[in-house]
Amino acid sequence: MGSYVPGTEKERQEMLQTIGCNTVEELFAGLPEQIRLSEGPDLPEGKSEQEVMSIMEEAAGENRVYKTCFRGAGAYRHYIPAIVRSIVGKEVFKTAYTPYQPELSQGILQSIFEYQTMICRLTGMDVSNASVYDGATAAAEGVLMCKDRKKDVVFISGTVDPKVKAVVETYCDGQNVKTVTVPVTGNGMTDIHELKEMVERESGFACLYVEQPNYFGIIENIGPMEEIVHGAKGKLVMGCEPVSLAMLKTPGEYGADVAVGEGQPLGLPLSFGGPYLGFMAAKKDMMRKLPGRMVGETKDADGNKAYVLTLQAREQHIRREKAGSNICSNQAHCALTAGAYMAAMGTEGMKKVAGHCTAKAHYLAEKLTEAGLETDADTPFFNEFVTKIPEGSSVTCSDILKALDEKDILGGLELDDRSLLWCATEVNTEEEIRTVADTVKQMMGKAGE
Amino acid sequence: MKTIFEKSVQGKYQDIIPKCTLPEVTFPQELTRSAALELLEISETEMSRHYNQLAQRAYGVSDGMYPLGSCTMKYNPAVNEEVAALKGLTDIHPQQPASTVQGWLRILKIGEDYLKEVTGMDAVTFQPAAGAHGEYAGIRLIREYHMKNGDDKRTKVIVPDSAHGTNPATAAMCGYEVVSVPSDSEGGVDVEELSKVLGNDVAALMLTNPNTLGISDKNILEITEMVHEAGGLCYYDGANLNAILGIARPGDMGFDVMHMNLHKTFSTPHGGGGPGSGAVACKNILKGFLPGIKIEEDEEGMTMGLYEETMGPIGLYYGNVAVAARAIAYMLTLGKEGMVAVAKNAVLNANYMKTLLEKDYHIPYNEGCMHEFVISAEDLKKETGITAMDIAKSMIDNGVHPPTVYFPLIVHEALMFEPTETETKESLDRVSQILLDIRKEAYTDPQKLHEAPRKGQIRRPDEVGAARNPILVFEDGKDL
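Residues numbered from 1 in each chain as written. Chains lettered and ligands numbered in written order. Predicted model: local features only at pLDDT ≥ 70, side-chain atom pairs only at ≥ 80, totals over all residues.

Undergrad: Please provide a residue-by-residue account of the overall build of chain A, values included.
TA: For chain A, the count of helices and strands is 14 helices and 14 strands. Looking at the 449 residues of chain A, the share that counts as buried comes to 61%. Within chain A, counting contacts between residues at least 6 apart in sequence, those at least 24 apart form 73% of the total. (Helix = DSSP H or I, 4+ residues; strand = E, 2+ residues; numbered from the N terminus. Buried ≥ 20, exposed ≤ 12 C-beta atoms within 10 Å, placed from the backbone. Contact = placed C-beta atoms within 7 Å.)

Undergrad: Could you give an account of the nonpolar core, naming the residues involved and the relevant values?
TA: Formed by 313 residues in total, the largest nonpolar core has its most connected members in A:Val143, A:Tyr209, A:Val237, B:Tyr235 and B:Leu415. No other element matches the 25 residues that helix H11 (residues 321-358) of chain B contributes to this core. In contact with A:Val237, not counting residues within four places along its chain, are A:Gly142, A:Val143, A:Cys146, A:Cys207, A:Leu208, A:Tyr209, A:Ala256, A:Asp257, A:Val258 and A:Val260. (Core = buried A, V, L, I, M, F, W, Y, C linked by C-beta atoms within 7 Å.)

Undergrad: Kindly report on the packing of helix H5 (residues 131-148) of chain B against helix H6 (residues 166-173) of chain B, identifying the contributing residues and their values.
TA: All names here are of chain B. Contact geometry of H5 with H6 gives a least axis separation of 9 Å together with a crossing angle of 45 degrees. In terms of orientation, H5 and H6 fall into the oblique class. When you trace H5 past H6, the crossing you get is right-handed. Here H5 contributes Gly131, Ala132, Glu135, Tyr136 and Ile139 to the contact with H6, which in turn contributes Thr166, Asn167, Thr170, Ala171 and Met173. Residue composition of the contact of H5 with H6, grouped by class: 5 nonpolar, 4 polar and 1 charged. (Axes fitted to C-alpha atoms, helices over the stretch in contact; angles between N-to-C directions. Parallel < 35°, antiparallel > 145°, perpendicular 65-115°, else oblique. Left-handed = near helix turned anticlockwise from the far one by under 90°. Nonpolar A, V, L, I, M, F, W, Y, C, P; charged D, E, K, R; others polar.)

Undergrad: Describe the domain arrangement of chain A, and please don't skip the residues or the numbers.
TA: Residue and element names in this part refer to chain A. Looking at the assigned domains, one finds that chain A contains domain 1 (82-341) and domain 2 (347-448). Computed over C-alpha atoms only, the centres of domain 1 and domain 2 are separated by 30 Å. Listed per partner, the contact involves 14 residues of domain 1 and 16 residues of domain 2. Residue composition of the side of domain 1 that touches domain 2, grouped by class: 9 nonpolar, 4 polar and 1 charged. (Domains from an automatic or database assignment.)

Undergrad: A description of the interface of chain B and chain A should follow, citing residues and the corresponding values.
TA: Contacts between the two partners involve 166 residues from chain B and, on the opposite side, 169 residues from chain A. Considering each element in turn, the side of chain B that touches chain A owes the most residues, 22 residues, to H11(B).

Undergrad: Kindly report on the sheet that holds strand E12 (residues 414-417) of chain B, identifying the contributing residues and their values.
TA: Backbone-to-backbone hydrogen bonds pair the strands of a sheet. The strands run either parallel or antiparallel. All names here are of chain B. Ordered in space as E10-E12-E11, the 3 strands form an open sheet in which the pairing is antiparallel. Bordering the open sheet on either side are strand E10 (373-376) and strand E11 (404-405), each of which pairs with just one other strand. With 2 bridges connecting them, E11 and E12 associate as antiparallel partners. The residue bridging threonine 404 from the neighbouring strand is methionine 416, located in E12. Packing against the sheet, helix H13 (residues 388-397) makes contact with E11 and E12, and its axis sits at approximately 45 degrees to E12. (Pairing = 2+ DSSP bridges.)

Undergrad: Go over the sheet that holds strand E11 (residues 384-388) of chain A, please, and point to the residues and values.
TA: All names here are of chain A. Strand order in the open sheet formed by 3 strands is E11-E14-E13, with antiparallel pairing between adjacent strands. Lying at the two open borders of the sheet, with one neighbouring strand each, are E11 and strand E13 (413-416). Averaged over neighbouring strand pairs, the angle between their axes works out to 30 degrees when direction is ignored. Across 3 bridges, the pairing between E13 and strand E14 (residues 419-423) is antiparallel. What sits directly across from leucine 413, in E14, is leucine 421. Sheet contacts for helix H12 (residues 332-370): E11 and E14; angle to E11, the most-contacted strand, approximately 5 degrees.

Undergrad: Can you break down the domain arrangement of chain B residue by residue, with the values?
TA: It is common to report an interface's size as the accessible area lost on association of the parts. Residue and element names in this part refer to chain B. Along its sequence, chain B is organised into domain 1 (79-334) and domain 2 (341-465). Put simply, the middle of domain 1 and the middle of domain 2, counted by C-alpha atoms, are 30 Å apart. Residue-level contacts link 19 residues of domain 1 with 18 residues of domain 2. Classifying every residue of the side of domain 1 that touches domain 2 by side-chain character gives 8 nonpolar, 9 polar and 2 charged.

Undergrad: Give me the environment of A:Leu195: which residues, what numbers.
TA: Residues and elements named next belong to chain A. Here leucine 195 shows up in helix H8 (residues 192-201). By the C-beta count within 10 Å, which is 20 here, leucine 195 ends up buried. Taking the C-alpha atoms as reference points, leucine 195 and valine 182, separated by 13 residues in sequence, lie 6.1 Å from one another. Apart from residues no more than four positions distant in its own chain, leucine 195 is found in contact with Val182, Thr190, Met225 and Ile228.

Undergrad: Requested: an account of unusual backbone geometry, with residues and values cited.
TA: Going from A:Gln212 to A:Pro213, the amide bond is cis rather than trans, its omega being -10 degrees. Here A:Pro213 is to be found in the loop between strand E5 (205-212) and helix H9 (222-231). Of the consecutive residues B:Ala452 and B:Pro453, the connecting peptide bond is found in the cis state with omega at 0 degrees. Within the element layout of this structure, B:Pro453 appears in the loop between helix H15 (446-451) and helix H16 (463-468). Despite not being glycine, B:Ser267 has its phi angle at roughly 55 degrees, a positive value.

Undergrad: Pulling in residues and values, what's your account of the packing of helix H1 (residues 9-19) of chain A against H11(B)?
TA: Running from N to C, H1(A) and H11(B) cross one another at 45 degrees; their axes reach a closest spacing of 9 Å. Classified by the interaxial angle, the pair formed by H1(A) and H11(B) is oblique. Note on packing geometry: the crossing formed by H1(A) with H11(B) is left-handed. Contacts from A:Arg12, A:Met15, A:Thr18 and A:Ile19 of H1(A) reach H11(B) at B:Leu348, B:Asn351, B:Tyr352 and B:Thr355. When grouped by side-chain class, the residues that make up the contact of H1(A) with H11(B) number 4 nonpolar, 3 polar and 1 charged.

Undergrad: Can you explain the pairing of strand E8 (residues 293-298) of chain B? Please cite residues and give values.
TA: Residue and element names in this part refer to chain B. In this structure, E8 lies alongside strand E9 (residues 301-306), joined through 6 bridges in antiparallel fashion. Each bridged residue has a counterpart across the sheet, and for isoleucine 293 the counterpart in E9 is leucine 306. In textbook terms, the turn of a hairpin is the stretch between consecutive antiparallel strands, and for E8 and E9 this stretch comprises 2 residues.

Listed below in structure tokens is the structure:
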């Protein structure tokens, strides 16, 4: 049995004597007798470290680690530099808690301050918080920053990740905020004409949530949307893929009011979906509406530079039911990881990753087109794109995925019987791309015979 | 120390990924950044030293006692870190076919079964990423329940005045009006006051038990029954579950839904403020509304689906599952007898430390404390001018992390201690002696305490100035 209790029986007896008790049970007198588990919980006996490790290793062995992965759709396989793992594995970074005591926590506070700065440089926004749970809750908190008593209708583009959309809808529903979906054009982009008309019709319009690139990988035409949204005195909330921001026009440059996104591509392993990292940044005039922790620079009593948790008057432990969100501590260690990742990659490294992503995704799209799948050549995309199986072909997506699976490749995500959403990053090689294309070509060729 | 940006020099880089040999893709100018990215440029040597310096300016459980009340800063076992780092757990895409994630589903199922047993509940979801997130899920479940029953006139949630700030904030975030009930003289819920606010407009009561004073409410069964009789449901805030682990169960106390802070009770590293895991457990009446994945087993193996009437997702995927995996490894280690040992030793340690301090320090709610206790420095402040904050900062000068201060709000000049079961008698003795010495110094040398800390990384910071003139990002060339 391992409960990690360091005390000995002798010490326990001494402690009881000091307290003035005969048994530890006496200390539980406040619990009504009828709810006490007289026999203890009905669980297996405790296991040794070796047994626990072997159970977990066996379970981990039942998961399939694909040699090659061309699936993204919200979670991305990237190379994680060794220095990042080494840094975030330091015991003190793991076992510290929220830096409530600044005199003992300058290192943690500074790491957050540096992370906030990096997020602002990446997004082109003025201020960033210290993190929220994930990209989906970041979007939800982002749109809720924009509502007020008269503006309680949130527009969500139909091109955003449906998983994110569902979370935004859950959160809005909880506060009786109405959500409206903006239609998608035939080529997978936000329908700007419809958006304009819908905004004009809706007096309670609070904000638009749109993603760049969108769920289908397409780079949206944000400029006109910004004009429509701000023309109607609404706010623009942009969901961004962080690696793409090394290359693409930033939410700051588009004039977005709030920028959010999923930070997982910044050095966090896939880990079956979590823990990940929601980043949130805003224009200065929205600063006091940002939820979550924020670190600020100040001076100590001797006039030396110091970092502290700041603007806490927004938060639940001060404002209680009047707080904008109930969020408190969340993903600090993930933010530390993202910060270390951006530091290791540096300006050039980030651009290089973005360059790999686009070059490889475009090469993959070209090869898959040659192999007989349809892609939309006219819409610009970053590192994801959708292929369609031509009308009349007897091949299905599951046929393609099965054939790839046999080669230890996780193919694109099936959106419907004929559509797959593909992704490529720097970890994919040209050879892997050719293998995928050859496999697809064989399938399509066979079907044509 | 300098920021990482002040160490950045143009031209420095780390050679991490290979050169891309495929043709570069260019986008029309209107789609690309007009101002080129300027993040930072630093060598691996300098980066390694920078973060080492940051690490030296931090304090973790690995450095010593960390008695933050209601945060349960216990030792984080090393094996759990190795578990979470297994390649078969880390390199798994969340949208792989269920047949290729059988191990993950099996681990989560083990976790569900253990948690159902120790909570006395019928179902568990791991989707909530933190305690506050779990509270949100729990109160939304209650809302779904009332809505489904056509009971849409229930607009209020009752929260005791000793509750964590997240409780009222959560209720408000779920669209409820918050009604606060006072504590009685013993620190429990004032039952008479509770009966006055109960009615057919009450959706739920949110309760932490033992509460933030460390006291288990002696009327707990009566309280949950009263709420149920009024047609409301009972929410258990699991922040203090460590005190009763394996001894008593929220489900048996009459609670319908609860969250756990797996990072507290089940010892996953707090990470400088997350990631945690706020798993939610509930009774059958709420099960169908759960968010996250429903894991079942058939002839083919483990399957993952959604609950029939799910309230909708509250996270991108299935929660902080790598945190849950650590907690589940810990549950396997504890087992039947280990769970009980955790609670017993946590309560013993807290009571021992309280005994060492109670002759000198005022403990306003002193009867029936379990895993934590709250000192009030109000008398000391009157006599010497020394505040709870001065005591906390003086602890830093003695190399110990302070407790939670100025919480719960119902105790003035509060210092809230939770030593946890993984502290030794030696460290409890040592820290208690430090506190007793500080109290003496309050009378002999108050100025020293007002000026503490002197041996911290910094002196006391100007927090008012920080909030008045917020500097949230580093700007080159800016001198404060």
